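If you want the building blocks of each chain, they are given just below.
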Number of protein chains: 2
Amino acid sequence: MSGDERDTSGATALLRTLHGSGVDVCFANPGTSEMHFVAALDGVPGMRAVLALFEGVATGAADGYARMAGRPAATLLHLGPGLGNGLANLHNARRAHTPVVAVVGDHALTHAPLDAPLQSDIAAIAGSVSGWVRHSASTADVGADAADAVAAAHRGQVATLVLPADVSWGDGGRVAPPAAVPDRPVADPGTLRAAADALASGEPAVLLIGGEATRAAGLAAANRIAAATGARLLAETFPARLERGAGVAPVGRLAYLGDAARHQIGAARHLVLVGTRSPVAFFGYPGKDGDLVPDGCAVHAVVDGTGAATAALEELADLLAPGTTAVTAAAARPELPTGELTVASASAVVGALLPEGAIVVDEAITSGLGLPDATAGAPRHDWLTLTGGAIGYGLPAATGAAVACPDRPVWCLQADGSAMYTISALWTHAREGLDITTVVYHNSAYAILRMELAAVGATGGPAAAGLFDLGRPELDFTAIARGMGVPAVRATTADELADALRRAAAEPGPHLVEAMVPALV
Amino acid sequence: MSGDERDTSGATALLRTLHGSGVDVCFANPGTSEMHFVAALDGVPGMRAVLALFEGVATGAADGYARMAGRPAATLLHLGPGLGNGLANLHNARRAHTPVVAVVGDHALTHAPLDAPLQSDIAAIAGSVSGWVRHSASTADVGADAADAVAAAHRGQVATLVLPADVSWGDGGRVAPPAAVPDRPVADPGTLRAAADALASGEPAVLLIGGEATRAAGLAAANRIAAATGARLLAETFPARLERGAGVAPVGRLAYLGDAARHQIGAARHLVLVGTRSPVAFFGYPGKDGDLVPDGCAVHAVVDGTGAATAALEELADLLAPGTTAVTAAAARPELPTGELTVASASAVVGALLPEGAIVVDEAITSGLGLPDATAGAPRHDWLTLTGGAIGYGLPAATGAAVACPDRPVWCLQADGSAMYTISALWTHAREGLDITTVVYHNSAYAILRMELAAVGATGGPAAAGLFDLGRPELDFTAIARGMGVPAVRATTADELADALRRAAAEPGPHLVEAMVPALV
């Protein structure tokens, strides 16, 4: 395809431009206004369309896909309500700095003034999650719009292209050449030098990393810096993609709860930020400061979550730790437990059995408390977390990660309450034959909210407690999964969980294990 | 509770004000920032909190509730992502002119400047569906804000109150007295007189009604007008609440597809709008005008969807048809069919068995084509439709309708594809023991999109067709329903469907029948 190809519909120009720009997967939940886009798919065979039964599955899949593929997928959503349904997982993608090209169909330009029933302010909704929004205005330009959208997404953000139906169905579309993929912004030399001086000062310092720095190369450099300077190394609380396990330089994560995070940061005089921003508490609590930077601590913001964090760390390591070698995690697995299934024993089972090269999608919430320790020495793997706090990301993100990496096993470690927001992702797991093993931690509660109720200093009675109780009626995730085409079993002991995970690993395609764990709280 | 009650938290003041203003149900899916609201529920026992596992269930339930109760419910949603998840059904509520008080929790005012992970522009998202948005700024005023929200909702719109956590947990809340419930705007006398003249002119005229005019009193007046003047009477395509059945004056609905609607309107010289707005096609199609008003037709907009439509029609009827009595539908049911289950036979089964006083929530889409005719002479019932086109409304709206009318049977007639957007509503059906019988029309397709693909003039190949195919893998709605606590059976013949519906009617509480119907298209 060339930059001046003509005589094609807008939809075809859009799809060919996306494909030529390296976007070859589209997670789709279309409606009438997207029919020409859908019809054009057959003319662009390199574009894989993956159907989701709910838009939040499509957007979460695009997030999981790009975290693993390193390049954006597209989504196809239906007007304002479709975008609304996809918004929560676009929010998570935004906080992960994930590149996403969100194509949102709109009414024909000629139809929009009529305020038809599905008309709404798409740009306003999109603006809340997108770093880039464009309402495509003409068939002639939609190819160029698509190329710009891909380039914008590569800046580590959601790029939303609103596609009017008549721009899509019009003739005279032109395929645009790929726009240059922008480089990650590099550190300002002065800031980098000041950070190096701070780390070398001998004063208490914390090196907080995120973005691309939580991959192996960044972690190695960060560990060298910490070893040479005595700085405390921490990763941001919810990394988009954390490489870890045997052979990878390890890192602890800043705690979720503000008090614990404050304890980790301690009386640091210097906080050096590489690939992340200054830490704040997830929520505000009565009488507590949400800013986690201690009084008197100097903050050195070297690069943010979209920046060239690995290069910055390597430069710092060359300055500060020229002769130091990074320590890496030793291979070590917990003993396979037997008997009672608890949060602890379930974590040990995962640690004992996690396969080489696994991608772990972690939305286990309170049931995942023991997972980081139990898997620290497991074979090398990637760990994807809930960056934006909008629950319902696990099953969709696993979908996208499995599409991105068909040769790697995906383990989706999923709390029960949050599973229900986007449960239809299981159907896409089955439809696409994805090698995803989902563990649903069935504790019949929004256990995190029981914790948070206490944390905010509130006391509830039975009415409040009822809103955290998912056991009336009891959900049956094996029935739900089978109803969507995913083989499923229930595990009530550690042995049964281990057996189920081994059987799942032995057979390609999706599986679900319902792990009956008591709630932590 | 009095207007100057003090010494209470903001959350308690809010809840007591809502309750005092006639809002006594809250459809909730809370998170950390809503914990003080949740804790305060135990102090306001008249407020019933109904838990949803997904925000779209909560908002759709609030829509269904208010359509039947005639007064708003509240929702409780968690920040921008929670509102995003609820947006599609708030969009439907907006198009139905349903009063809803959407309470959306937000970060503490002190926390918001930190741009914590869950921070986003709630007001921008809310603005796309809300006629009224307020960010509550102080504990002292949150009671008054709540009273204003209820009054705003009563104008026939979504009123969104954004509730910062510290406004909620602060002391010094004051319960506000109820604000006056606004009257529906009445018709301008000149416009009403012009409409009467047009209807009396003998020229071809269409009387198009909506809003409150699709209840029995408005329908009776409209029928009298039509009988006396020869005007063609039609209801808007998707009425919020249509009273119908034996003993109610009947009305046909404007067709969904523009060509059919144009045929109904014909060469009208006058279009009189009472309780609705000028008709437009649902979508734009290549080469077709979306405006359904014929050339040369005068439009008389008497009152819109929020206006005093019944009074306007009664005034017109008094002027135009003083001696005319409204015709009402005769009691008549289709014969109970046997044998093959088709869209037609399934409709006949519903028509043969629909119980007296039923509330029908209709999201049957293509599988519902025969329902209006088959149920026209069934015992008197209410019919709720998908006003805004955002699918995933049926199961949630049924939830709300059943909460509003515990003594009436609710029949939720639900397409399979759209069921999957908000499928977790079934769990709330079970949890609350709601008397809802859901029929899922299982045709394994987005059949409407097959129709629309042809309607927009596009031709797809296998890739396009794949995106309408819900049969790979086959969904099993009985398994899914049982997994959420709802007894379910599959019906493969008309006889089995009838048996299942009779058994469901004989036993209180929720049931689901999976009707295996072939796709129309």
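Calculation rules
Residues numbered from 1 in each chain as written. Chains lettered and ligands numbered in written order. Predicted model: local features only at pLDDT ≥ 70, side-chain atom pairs only at ≥ 80, totals over all residues. Heavy atoms only, no water. UniProt positions renumbered as here; feature names shortened; annotations may be inferred. Contact = heavy atoms within 4.5 Å. Buried area = accessible area lost by both parts, 1.4 Å probe. Salt bridge = Lys/Arg side-chain N within 4 Å of Asp/Glu carboxyl O. Polar contact = N/O pair within 3.5 Å; in protein donor to acceptor, adjacent residues only side chain to side chain. Helix = DSSP H or I, 4+ residues; strand = E, 2+ residues; numbered from the N terminus. Nonpolar A, V, L, I, M, F, W, Y, C, P; charged D, E, K, R; others polar. Expected span 1.5 Å × (residues − 1). Buried < 20%, exposed > 50% of the residue type's maximum accessible area, 1.4 Å probe, protein only. Arc of directions from axis to C-beta. Least-squares fit on C-alpha atoms with pLDDT ≥ 70 in both. Pairing = 2+ DSSP bridges. Axes fitted to C-alpha atoms, helices over the stretch in contact; angles between N-to-C directions. Right-handed = clockwise from strand over helix to strand, strands pointing away. Lys, Arg positive; Asp, Glu negative; His and termini not counted. Patch = residues over 30% accessible without salt bridge, like charges linked within 9 Å, V, L, I, M, F, W, Y side chains within 5 Å. Areas by Shrake-Rupley, 256 points an atom, 1.4 Å probe, with all protein chains shown as cover. Domains from an automatic or database assignment.

As recorded by an unreviewed UniProt entry, chain A carries the name Acetolactate synthase large subunit and is attributed to Pseudonocardia broussonetiae. Regarding chain A, the relevant UniProt record gives this comment under Sequence similarities (unreviewed entry): "Belongs to the TPP enzyme family."

Peer 1: Talk me through the interface of chain A and chain B; I want residue IDs and the actual numbers.
Peer 2: Counting residues at the interface gives 92 residues for chain A and 92 residues for chain B. The junction of chain A with chain B conceals about 7,400 Å² of combined surface from both sides, 68% of it contributed by carbon and sulfur atoms. Considering only the side of chain A, the residues that lose the most area to chain B are Thr32, Pro117 and Leu467 of chain A, jointly responsible for 9% of the buried surface there. Summed over the shared surface of chain A and chain B, the number is four salt bridges. Here Asp115 of chain A makes a salt bridge to Arg277 of chain B, at a shortest N to O gap of 3.8 Å. Summed over the shared surface of chain A and chain B, the result is 40 residue pairs in polar contact (both at pLDDT 80 or more). When residues of the side of chain A that touches chain B are traced back to their parent elements, those giving at least two are α2 (35–40), β3 (48–51), α4 (79–96), α5 (122–127), α16 (425–431), α17 (447–455), α18 (462–466) and α19 (477–483) of chain A. Here the side of chain A that touches chain B gets nine residues from one element, more than from any other, and that element is α4 of chain A. Across the side of chain A that touches chain B, the residue classes tally to 51 nonpolar, 27 polar and 14 charged.

Peer 1: Describe helix α8 (residues 189–200) of chain B, with residues and values.
Peer 2: Residues and elements named next belong to chain B. Between its first and last C-alpha atoms α8 spans 16 Å; for twelve residues at 1.5 Å apiece the expected length is 16 Å, and the two agree. Those residues of α8 lying buried are Leu192, Ala195, Ala196, Ala198 and Leu199. Along the axis of α8, the buried residues cluster in a sector spanning 160 degrees; they form a single face. Opposite the packed face of α8, turned more than 90 degrees from it, sit the exposed residues Pro189 and Ala200. As for α8, its buried residues are in contact with β9 (205–209), α9 (216–229), β13 (270–274), β14 (298–303) and α11 (309–320). Phi turns positive one or two residues past the end of α8, at Gly202, with a value near 85 degrees.

Peer 1: Help me get a handle on the relation of the copies chain A and chain B, residues and values and all.
Peer 2: After a rotation of 180 degrees and a shift along the axis of 0.0 Å, chain A superposes on chain B with an RMSD of 0.0 Å. The transformation relating the two chain copies, once decomposed into turn and shift, fits a two-fold axis. A share of 100% of interface residues in chain A that are also interface residues in chain B marks the association as one of identical surfaces.

Peer 1: Describe in detail the sheet that holds strand β9 (residues 205–209) of chain A, supporting the description with residues and values.
Peer 2: Residues and elements named next belong to chain A. Strand order in this open sheet of five strands is β12-β10-β9-β13-β14, and the pairing throughout is parallel. Two strands in the sheet have a free side with no partner beyond their single neighbour: β12 (252–253) and β14 (298–303). Where β9 lies against strand β13 (residues 270–274), five bridges are found, and the strand directions are parallel. Bridge pairing in β13 places Leu208 opposite Leu273. The sheet contacts of helix α9 (residues 216–229) involve β9 and β10 (232–235), and relative to β9 the element is tilted by about 180 degrees. Across the sheet, helix α11 (residues 309–320) lies against β9, β13 and β14, angled at about 135 degrees from β13, the strand it touches most.

Peer 1: Could you give an account of the pairing of strand β19 (residues 488–491) of chain A, with specific residues and numbers?
Peer 2: Along any regular strand, the residues point their side chains to alternate faces of the sheet. Residue and element names in this part refer to chain A. Taken together, the four bridges between β19 and strand β20 (residues 511–516) define a ladder with parallel strand orientation. Residue pairing for β20: Val489 is matched across the bridge by Val513. On the question of chirality, the crossover connecting β19 to the parallel β20 by way of helix α20 (residues 494–506) is right-handed.

Peer 1: Got a sec to walk through the side chain of Glu452 of chain A? Specific residues and values, please.
Peer 2: Relative to the elements of secondary structure, Glu452 of chain A occurs in helix α17. One buried charged residue, Glu452 of chain A, remains without a salt bridge, the closest side chain of opposite sign being Lys288 of chain A at 9.3 Å. Contact partners of Glu452 of chain A, with chain neighbours within four places excluded, come to Tyr256, Phe283 and Tyr285 of chain A together with Thr32 and Met35 of chain B.

Peer 1: Summarise a nonpolar patch on the surface; cite the residues concerned and give the values.
Peer 2: Residues and elements named next belong to chain A. A contiguous nonpolar surface patch, about 290 Å² in accessible area, is contributed by Leu369, Leu520 and Val521. In this fold, Leu369 is placed in the loop between β15 (359–363) and α13 (371–374). Owing to a relative accessible area of 65%, Leu369 belongs among the exposed residues under this scheme.

Peer 1: Summarise the domain arrangement of chain A; cite the residues concerned and give the values.
Peer 2: All names here are of chain A. In terms of domain boundaries, chain A breaks down into domain 1 (8–173), domain 2 (189–320) and domain 3 (343–516). Computed from C-alpha coordinates alone, the two centres of domain 1 and domain 3 are separated by 29 Å. Taken residue by residue, the interface counts 24 residues in domain 1 and 29 residues in domain 3. For the pair domain 1 and domain 3, the summed buried area comes to about 1,900 Å², and 67% of that belongs to carbon and sulfur atoms. It is Val57, Arg67 and Met68 in domain 1 that bury the most area against domain 3; as a group they hold 30% of the surface buried on that side. For the pair domain 1 and domain 3, the number of links is one salt bridge. Here Glu432 and Arg48 are joined by a salt bridge, their closest N and O atoms 2.9 Å apart.

Peer 1: Hey, could you go over the sheet that holds strand β16 (residues 381–385) of chain B for me, with residue numbers and the actual values?
Peer 2: Residues and elements named next belong to chain B. Spatially, seven strands are ordered β11-β16-β15-β17-β18-β20-β19 in an open sheet, and the strand pairing comes out mixed. In this open sheet, the two strands that pair with only one neighbour each are β11 (242–244) and β19 (488–491). In this sheet, adjacent strand axes meet at a mean angle of 20 degrees when their direction is disregarded. With respect to the sheet, helix α3 (residues 55–69) is in contact with β15 (359–363) and β16, its orientation differing from that of β16 by roughly 145 degrees.

Peer 1: Which residues make up the UniProt feature "domain: Thiamine pyrophosphate enzyme TPP-binding" (unreviewed entry) in chain A, and what values go with them?
Peer 2: On the UniProt side, "domain: Thiamine pyrophosphate enzyme TPP-binding" (unreviewed entry) is annotated at positions that read residues 383–514 of chain A here. The straight-line gap between the two end C-alpha atoms of residues 383–514 of chain A is 21 Å; of that span, 42% is helix and 18% is strand.

Peer 1: Lay out the environment of Ala40 of chain B with the relevant residues and their values.
Peer 2: Residues and elements named next belong to chain B. Tracing the backbone shows Ala40 in helix α2 (residues 35–40). The exposure class assigned to Ala40 is buried, which follows from its relative accessible area of 7%. Taking the C-alpha atoms as reference points, Ala40 and Ala11, 29 residues apart in sequence, are found 6.1 Å from one another. If sequence neighbours within four positions are ignored, Ala40 has contacts with Ala11, Thr12 and Leu15.

Peer 1: Can you lay out the UniProt feature "domain: Thiamine pyrophosphate enzyme N-terminal TPP-binding" (unreviewed entry) in chain A for me, pointing to particular residues and giving the numbers?
Peer 2: Under the present numbering, the feature "domain: Thiamine pyrophosphate enzyme N-terminal TPP-binding" (unreviewed entry) in UniProt falls on residues 9–113 of chain A. Spanning residues 9–113 of chain A, this segment combines 48% helix with 20% strand, and its end C-alpha atoms are found 23 Å apart.

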